[in-house]
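The residues making up each chain are set out below.
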Amino acid sequence: MTGRFRELWDEIAPVGRDADSGGYLRYALTPPELRLREWFREQADLRGMPVSGDGNGNLFAWWGDPPTDGPATDGPNAGGPNADGSAGTGAVLTGSHFDSVPHGGAYDGPLGIVSAFLAVDELRAAGVTPVRPVVVAAFVEEEGARFGVPCLGSRLLTGEIDADRAAGLRDAAGVSFAEALGHRPAGADPALLGRFAAFVELHVEQGRALVDADAPVAVASAIWPHGRWRFELRGEGNHAGTTRMADRRDPMLTFAFTVLAANKEARLRGAHATVGRVAVEPNATNAIPSTVTGWLDARAAEPDTLDGLVEAVQAKAAERSRRDGTELTVTRESATPLVTFDGGLADRLAGLLAAPVLPTGAGHDAGVLAAHLPTAMLFVRNPTGVSHSPAEAATDDDCAAGVVALARVLEELACH
Ligand code: GLV
Ligand code: MN
Ligand code: MN
């Protein structure tokens, strides 16, 4: 399997790779990601898997009958996750996303899609025939790196975001999501969602837990609640050389204080706070900025801790803004509640794979879908423990172990 993994992986490895950083620039619906979506169709075609869309930019390759109209079964997720071993008609969904953060790693997202196709091959080579469809998905704009809202595709499919709001989200160049997609997104599709009995997303691990556990694969227990808040700070643009220090209304000072406050408040609570993106106007060395906009990414194990953290950062930013004579507006751009994955399913898969079970602070489409159908995640060891960076890593052997694990899970859920 290691050789087959490398062979397929090499097909996509150059797509969207930045020669200088070695990281990936695969923003949703831009040429590299469109190329990967084309590759997805080619791979599905090679395997005789018809591809359907949901009008939101998400793609589904079906091993088994694709949807015609309406759910295949009575009621949502009929057929179940096969918890009692009985056969049903609900499909088992797997897959992940192609898009990356700026200069992201190779594995975050694509590993789940490549592994899904290889797991299908593995089952076929073993002569296994599913009694319910197995579906490989490619979700659009999981990172929110282009349009700001993470898991945009799965939020649209599940109705967690209004289609009009999603349509109007704009990238840095002013292109709307609807324009990039070529049409207004279709929004919630309960009929399609109702065809899925379970979702299993395989993903590279984004921390060091599996290195510490000395295991190649784990099963997820939970995703920390998290969200994004935009802090817009307005002051007075002016000359760097002629404006007396006492006369300045400099939003960069408020911003700097806010970043330090976020770090301190997160540490005090055992939470995570990051300001990884900033926009400065006019962004000139010799001008006091008129506006600074920073994006706070905040995460914590418990919802109350997260709320307390964000309130504290906002209060400190507001207080500092009064002292600096600047104006502060805070807008929540996205929020993801605590996700506790289906405990029965996680325990069952952990038993099947003899794998550890761990929580994560990273967001995933699986976190969105978990509110709508039995959902599980598999993590593949990352020797550097680094992610959202070119340093993200996984060995071919561990990726192969991930494929074998996913194939066992699909067999367990779809083939009996
Ligand atoms: C997605 O990778 C996230 O956790 O932001
Ligand atoms: Mn990511
Ligand atoms: Mn991801």
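Structure: see above.
Values in this document were obtained by computation on a predicted structure and should not be read as measured data.

How each quantity is defined
- Sequence order as written defines residue numbering, which begins from 1 separately in each chain.
- For this description, chains carry letters from A and ligands carry numbers from 1, given in the order in which they are written.
- The predicted nature of this model means local features are confined to residues of pLDDT at least 70 and side-chain atom pairs, given and counted, to a pLDDT of 80 or more, with totals for whole chains, interfaces and linings taken over all residues.
- The side-chain numbers reported here are obtained from all heavy atoms of the structure, hydrogens and water having been left aside.
- Only N, O and S atoms count as donors, using a 2.8 Å limit from the metal and a wider 3.2 Å limit for Na, K and Ca, and since water is excluded some coordination spheres may look unfilled.
- What counts as a helix is a DSSP run of H or I of at least four residues, what counts as a strand is a run of E of at least two, and both are numbered from the N terminus.
- Buried means the residue's accessible area, taken with a 1.4 Å probe over protein chains only, is under 20% of the maximum for its type, while exposed means over 50%, and partly exposed covers the values in between.
- Near is defined per residue: the residue qualifies when any heavy atom it owns lies within 4 Å of the molecule or strand.
- N or O atoms closer than or at 3.5 Å make up a polar contact, with two conditions inside protein: a donor-capable atom paired with an acceptor-capable one, and, for residues adjacent in sequence, both atoms drawn from side chains.
- Working definition of accessibility: Shrake-Rupley area with a 1.4 Å probe, residue cover restricted to the visible protein chains.
- Each residue gets one label: Ala, Val, Leu, Ile, Met, Phe, Trp, Tyr, Cys and Pro are nonpolar, Asp, Glu, Lys and Arg are charged, and the others, such as Gly, are polar.
- Lines fitted to C-alpha atoms define the axes, with helix axes restricted to the stretch in contact, and inter-axis angles between N-to-C directions lie between 0 and 180 degrees.
- By definition in this entry, angles of less than 35 degrees are roughly parallel, angles greater than 145 are roughly antiparallel, angles of 65 to 115 are roughly perpendicular, and the rest are oblique.
- Whether two residues touch is decided by their heavy atoms; if any such pair falls within 4.5 Å, the residues are in contact.
- By definition here, a salt bridge exists when the distance from a side-chain nitrogen of Lys or Arg to a carboxyl oxygen of Asp or Glu is within 4 Å.
- A helix is expected to span 1.5 Å multiplied by its residue count minus one.
- Helix crossings are classified by the rotation of the near helix relative to the far one: an anticlockwise turn of less than a right angle makes the crossing left-handed, while a clockwise turn makes it right-handed.

Colleague: Help me get a handle on the coordination of the manganese ion (ligand 3), residues and values and all.
Modeller: Tetrahedral coordination by four donors sets the ideal angle at the metal to 109.5 degrees; octahedral coordination by six donors sets it to 90 or 180 degrees. At 2.0 to 2.2 Å from the manganese ion (ligand 3) lie its protein donor atoms, namely His-97 (NE2), Asp-108 (OD) and His-203 (NE2). The motif formed by the donor residues of the manganese ion (ligand 3), counted along the single chain, is H-x10-D-x94-H. Taken as an interatomic distance, the gap from the manganese ion (ligand 3) to the manganese ion (ligand 2) is 3.6 Å; Asp-108 donates to each of them. On the criterion of sequence distance, the pair formed by Asp-108 in the loop between β3 (91-97) and α3 (110-125) and His-203 in strand β5 (residues 196-204) is long-range, its members being 95 residues apart. Judged by relative accessible area, His-203 falls into the buried class, the value being 1%.

Colleague: Could you give me a rundown of the site of ligand 1, with the residues and numbers involved?
Modeller: Around ligand 1, the structure places Glu-142, Glu-143, Arg-299, Ala-362, Gly-363 and His-388. In this structure, an oxygen atom belonging to ligand 1 sits 3.0 Å away from a side-chain N or O atom of Glu-143. Gly-363 has a polar backbone atom sitting 2.6 Å from an oxygen atom of ligand 1. Relative to its unbound accessible surface of 200 Å², ligand 1 loses 94% to contact with the protein. For the shell around ligand 1, the class distribution of residues is one nonpolar, two polar and three charged.

Colleague: Give me the lowdown on the packing of helix α1 (residues 2-12) against helix α2 (residues 31-46), citing residues and values where you can.
Modeller: One can describe the packing of α1 onto α2 by two numbers: an axis separation of 10 Å at closest approach and a directional angle of 140 degrees. In this view, α1 runs oblique relative to α2, as classed from their interaxial angle. Along the contact surface, α1 presents Leu-8, Glu-11 and Ile-12, while α2 presents Leu-36, Trp-39 and Gln-43.

Colleague: I'd love a proper account of the pattern of salt bridges, names of residues and values included.
Modeller: For the coordinates displayed, the defined rule picks out 22 salt bridges. Note that Glu-122 and Arg-4 form a salt bridge whose closest N and O atoms lie 3.8 Å from each other. One end of the pair, Glu-122, is in helix α3; the other, Arg-4, is in helix α1, and 118 residues separate them in sequence. Of the residues examined, Arg-4 reaches a relative accessible area of 39% and is grouped as partly exposed. For Arg-35, the salt bridge is made with Glu-42, and the minimal N-O distance between the two is 3.4 Å. Here the residues in one salt-bridge network are Arg-230, Glu-232, Arg-234 and Glu-333, joined through shared partners.

Colleague: Break down helix α13 (residues 396-414) for me, citing the residues and quoting the values.
Modeller: Taking 1.5 Å of rise per residue, 19 residues should cover 27 Å, and α13 covers 26 Å from first to last C-alpha, within 8% of that figure. Residues Asp-398, Cys-399, Ala-400, Gly-402, Val-403, Ala-405, Leu-406, Ala-407, Val-409, Leu-410, Leu-413 and Ala-414 constitute the buried set of α13.

Colleague: So what's going on with the packing of α3 against α13? Residues and values would help.
Modeller: At a minimum axis separation of 8 Å, α3 and α13 run at an interaxial angle of 60 degrees. Considered as vectors, α3 and α13 are oriented oblique to each other. Two packed elements cross with a definite hand, and for α3 against α13 that hand is right-handed. Between α3 and α13, the contacting residues are Leu-111, Ser-115, Ala-116, Leu-118, Ala-119, Glu-122 and Leu-123 on the first element and Cys-399, Val-403, Val-404, Leu-406, Ala-407, Leu-410 and Glu-411 on the second. Considering only residue class, the contact of α3 with α13 consists of 11 nonpolar, one polar and two charged.

Colleague: Tell me about the environment of Asp-212, and name the residues and values.
Modeller: For Asp-212, the location among the structural elements is in helix α8 (residues 209-213). Taking C-alpha positions, Asp-212 is 10.0 Å from Gly-385, a pair spaced 173 residues apart along the chain.

Colleague: Requested: an account of unusual backbone geometry, with residues and values cited.
Modeller: Note that the residue after Glu-281, namely Pro-282, is joined by a cis bond; omega there is 0 degrees. Note that Pro-282 resides in the loop between β9 (272-281) and β10 (287-288). If you check the backbone angles, Cys-151 has positive phi at about 55 degrees while not being a glycine. By the secondary structure assignment, Cys-151 is in the loop between β4 (134-139) and α4 (152-158). Assessed through its relative accessible area of 4%, Cys-151 is described here as buried.

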